[in-house]
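What follows is each chain in one-letter form.
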Amino acid sequence: MKNTFGQSLCVTLFGESHGEAIGVVIDGLTPGIKIDELRIRHFLSLRRPSGKISTKRVEPDNFRIVSGVFDGYSTGTPLTIIIENTSTRSRDYEKTRYLMRPSHADYTAECKYHGFQDYRGGGHFSGRITAALVAAGAIIIDALKNKGIHIATHIKEIGGVSDRGFEDFVSDAEFLNNSEFPVLDSEKMSQMKEVISKVAQEGDSIGGILNTVVYNIPKGVGEPWFDSVESVLSHMMFSIPAVKGIEFGEGFNFKNITGKTANDPLRVQNGNIVTSKNANGGINGGITNGMPIDFSTVIKPTPSIYKEQDTVDISTNTNEKIQIEGRHDPAIIHRAAIVQTSVTAIAICDMLLSRFGTDWLK
């Protein structure tokens, strides 16, 4: 089972949704990085559900750092964070043990682990595990920020309602990384929440598009082929359970434009080579060109919905109906934004350390 990402900076996940705890091990982190537990708590709070547009399972996300930190700084040895699970209601899943929930990992987990997997709440496949990624990301986001690199994610679109794009990136990034519902236009925020609320009242769910930008990343990071910046980021994005698509820069819109529009003209500005626009999302030939990395992902609707659906009973091998109960999100996009920012930071940091050495963050 492959639960580790990275080459120079390695992140390993462990735990299950209804197990005793979940957690993460960060190996290869530069020694001497300040570890701010308040910042970790803050970023975890951005992922935590709140209000009627989120699940009623609210975990306090109390965490313990049990290795790799001494006197408030990283030691350079494996840093381990454990987050306890306290708000489990496993009985919600007992009655549907053998009924495979549509579009969940229930059936594929059964195929791979032959019934020995922890099925409660999705087990190791649960979005609950992303809390550990956010805890790791909180450390790395701040470390990159101290090197002048800023990362932020906003809800680009949901239910036909679109947010504005980034303008003053540093201030916009700071705003988003302190927002429970990460949208730059307050009017659009209200409209998006109304869309989610309406879907929730119908017992259904909805997805949307997240847009992430990495600002002030050095030039020359990435590899031409199998470890291109797009390859590494895509690998990491598809580790977020709900992500079903990704595009860089103009992405799929390239099909509608010609080369003249698609190309990013080069010019010298204050002695620095830049491009006059950024249709390619800051990446050429798999390598950063110094412009902001700009990519978007599509988040699918939450598969747990309160409507009757067709399924199968794997204990009897018969066709059945399922009516899911329990506590579920009508939309996870607003909670997934900080997850996307966190895993972006992890992937970017791994590439930077591979390029410039493991002490580069110091």
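The structure under discussion appears in the preceding block.
As a convention, each chain's residues are numbered from 1 in the sequence order in which they are written. Per-residue local features of the predicted model are confined to residues with pLDDT of at least 70, and side-chain atom pairs are confined, for both listing and counting, to 80 or more; whole-chain, interface and lining totals are unaffected and use all residues. Water and hydrogen atoms play no part in the side-chain values, which are based on all heavy atoms of the structure.

Visitor: Quick question: what am I supposed to make of the pattern of salt bridges here?
Guide: Any two side chains of opposite charge can pair, given that their charged atoms come close. We define a salt bridge as a contact between a side-chain nitrogen of Lys or Arg and a carboxyl oxygen of Asp or Glu at a distance within 4 Å. Under the counting rule described, the total for this entry stands at 13 salt bridges. Close ionic contact of Asp264 with Lys277 constitutes a salt bridge, the shortest N to O distance being 3.5 Å. Of this pair, Asp264 sits in the loop between α8 (259–262) and β12 (266–269) while Lys277 sits in the loop between β13 (272–275) and β14 (283–284), placing them 13 residues apart in sequence. For every residue, the accessible area (1.4 Å probe, protein chains only) is compared with the maximum for its type, and the residue is labelled buried under 20%, exposed over 50%, or partly exposed between those bounds. Lys277 gets classed as partly exposed once you look at its relative accessible area, which sits at 32%. Because the salt bridges share partners, they merge into one network encompassing Arg48, Asp61 and Arg128. The helix and strand labels rest on DSSP assignments: H or I over at least four residues marks a helix, E over at least two residues marks a strand, and numbering proceeds from the N terminus.

Visitor: Help me understand the environment of Lys145, please; the structure alone is not making it clear to me.
Guide: Of note, Lys145 is situated in helix α4 (residues 130–145). For Lys145, a relative accessible area of 31% puts it in the partly exposed group. Taking C-alpha positions, Lys145 is 27 Å from Phe14, a pair spaced 131 residues apart along the chain. In this view, Lys145 contacts His150 and Glu174; residues no more than four positions away in its chain are not counted. Working rule for contacts: check all heavy atoms of both residues, and any pair within 4.5 Å makes them a contact.

Visitor: Hey, could you run me through helix α5 (residues 169–176) in this one?
Guide: One turn of an α-helix holds 3.6 residues; hence residues three or four places apart share an orientation. Every buried residue of α5 is listed here: Phe169, Asp172, Ala173 and Leu176. Buried positions in α5, seen along its axis, are confined to an arc of 100 degrees and lie on one side of it. Summarising the geometry, the arc corresponds to the directions from the helix axis toward the C-beta atoms.

Visitor: Looking at this structure, how should I read the sheet that holds strand β16 (residues 293–299)?
Guide: Strands belonging to one sheet form pairs held by backbone hydrogen bonds; the direction of such a pair is parallel or antiparallel. The five strands are arranged β9-β8-β10-β16-β11 in an open sheet whose pairing can be described as antiparallel. Sheet topology places β9 (161–162) and β11 (243–248) at the edges, where each strand pairs with a single neighbour. We treat two strands as partners when DSSP finds at least two bridges between them. Note: strand β10 (residues 208–215) against β16, seven bridges, orientation antiparallel. Opposite Gly208, over in β16, you have Ile299 as the bridge partner.

Visitor: Whenever I open this one, the packing of α4 against helix α9 (residues 333–356) confuses me. Can you help?
Guide: When two helices pack together, their arrangement is given by the angle between the helix axes and the distance between those axes. The interhelical angle for the contact between α4 and α9, taken along N-to-C directions, is 55 degrees, at an axis separation of 8 Å. The orientation of α4 with respect to α9, classified from their angle, is oblique. You can see that α4 and α9 cross each other, and the crossing is left-handed. Across from Thr130, Leu133, Val134, Ala136, Gly137, Ile140, Ile141 and Leu144 in α4, the residues of α9 making contact are Ile338, Val339, Thr341, Ser342, Val343, Ala345, Ile346, Ile348, Cys349 and Leu352. Ten residues, namely Ala, Val, Leu, Ile, Met, Phe, Trp, Tyr, Cys and Pro, are considered nonpolar, four, namely Asp, Glu, Lys and Arg, are considered charged, and the remaining ones, Gly among them, are considered polar. Among the residues forming the contact of α4 with α9, the class breakdown is 14 nonpolar, four polar and no charged. An axis is simply a line fitted to the C-alpha atoms; with a helix, the fit covers only the stretch in contact. Between two such axes, the angle follows the N-to-C directions and lies from 0 to 180 degrees. Angle categories are assigned with fixed cut-offs, so that under 35 degrees is roughly parallel, over 145 is roughly antiparallel, 65 to 115 is roughly perpendicular, and the rest are oblique. Note on convention: the crossing is left-handed when the near helix lies turned anticlockwise from the far helix by less than a right angle, right-handed when the turn is clockwise.

Visitor: What exactly am I supposed to notice about a nonpolar patch on the surface here?
Guide: Patch criteria: residues need more than 30% relative accessible area and no salt bridge. Like-charged residues are merged within 9 Å; nonpolar side chains of Val, Leu, Ile, Met, Phe, Trp and Tyr are merged within 5 Å. Throughout, the Shrake-Rupley method with a 1.4 Å probe supplies accessible areas, and for residues the shown protein chains are the sole cover considered. Together, Leu266, Val268 and Ile273 give the surface a local cluster of nonpolar side chains, amounting to about 340 Å² of exposed area. The residue Leu266 is located in strand β12 in this model. For Leu266, a relative accessible area of 66% translates into the label exposed.

Visitor: Quick question: what am I supposed to make of the pairing of strand β3 (residues 21–27) here?
Guide: Each regular strand displays side chains that alternate between the two surfaces of the sheet. Across the seven residues that make up β3, a large majority, five, are buried. As defined by bridge partners, strand β2 (residues 10–15) adjoins β3 across six bridges and the pair is classed as antiparallel. Paired with Cys10 across the two strands is Asp27, which belongs to β3. The turn linking β2 back onto β3 is made up of five residues. The pairing of β3 with strand β7 (residues 79–84) spans six bridges and is classified as antiparallel. Considered in β7, the bridge of Ile26 is made with Leu79.

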